[in-house]
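Architecture and fold: a report
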Amino acid sequence: MDGYTIIKQGGIEAGIPHCYVKEEEIIEILEGFQIMSLCKIQDYVGKER
């Protein structure tokens, strides 16, 4: 895994990888793609990078 991804350990999403990035990071990561929609969900607090 990288510094952006966690795998949920419980609940209905257990075992499913989730990627958490800042808006400017995802725009950079997906450079070359057209982002049609972007929604900020503030639901997870991880360790600071």
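Residue positions are counted from 1 within each chain, in the order its sequence is given. The predicted origin of the model limits local features to residues at a pLDDT of at least 70 and limits the giving and counting of side-chain atom pairs to 80 or more, whereas totals for whole chains, interfaces and linings rest on all residues. To obtain the side-chain values, all non-hydrogen atoms of the structure were used and water was disregarded.

For the purposes of this entry, the term helix denotes a DSSP run of H or I that reaches at least four residues, the term strand denotes a run of E that reaches at least two, and both are numbered from the N terminus. Scanning the chain for helices and strands turns up 1 helix and 2 strands. When the helices and strands of the chain are read in sequence order from the N terminus, they spell out β-β-α. Note on exposure labels: buried denotes an accessible area under 20% of the residue type's maximum, exposed denotes more than 50%, and partly exposed covers the range between, all computed with a 1.4 Å probe on protein chains only. Of all 49 residues assigned to the chain, the portion counted as buried reaches 6%. Across the chain, contacts joining residues at least 24 apart in sequence account for 22% of those joining residues at least 6 apart. Carbon and sulfur atoms make up 53% of the accessible area of the chain, which amounts to about 4,800 Å² in all. In this analysis, two residues are considered to be in contact whenever any of their non-hydrogen atoms come within 4.5 Å of each other. For the area figures, the Shrake-Rupley method with a 1.4 Å probe applies, and any residue is considered shielded solely by the protein chains shown.

Like charges within 9 Å and nonpolar side chains (Val, Leu, Ile, Met, Phe, Trp, Tyr) within 5 Å are joined into patches, using only residues over 30% in relative accessible area that form no salt bridge. We define a salt bridge as a side-chain nitrogen of Lys or Arg found within 4 Å of a carboxyl oxygen belonging to Asp or Glu. Together, I27, I29, L30, F33, I35 and L38 make up a nonpolar patch on the protein surface, roughly 550 Å² of accessible area in all. Of the residues examined, F33 reaches a relative accessible area of 63% and is grouped as exposed.

Now for the side chain of H18. Here H18 lies in strand 2 (residues 17–19). In protein, a polar contact requires one atom able to donate a hydrogen and another able to accept it; more generally it is a pair of N or O atoms within 3.5 Å, and residues adjacent in sequence count only if both atoms are side-chain atoms. At 2.8 Å, the side chain of H18 and the backbone oxygen of I16 are in polar contact. Aside from chain neighbours lying at most four places away, what touches H18 is Y4, T5, I6, K8 and E13.

The residue I27 is located in helix 1 (residues 23–29) in this model. Given the relative accessible area of 43%, I27 is considered partly exposed. Along the backbone, I27 and L38 are 11 residues apart, and their C-alpha atoms lie at a distance of 9.7 Å.

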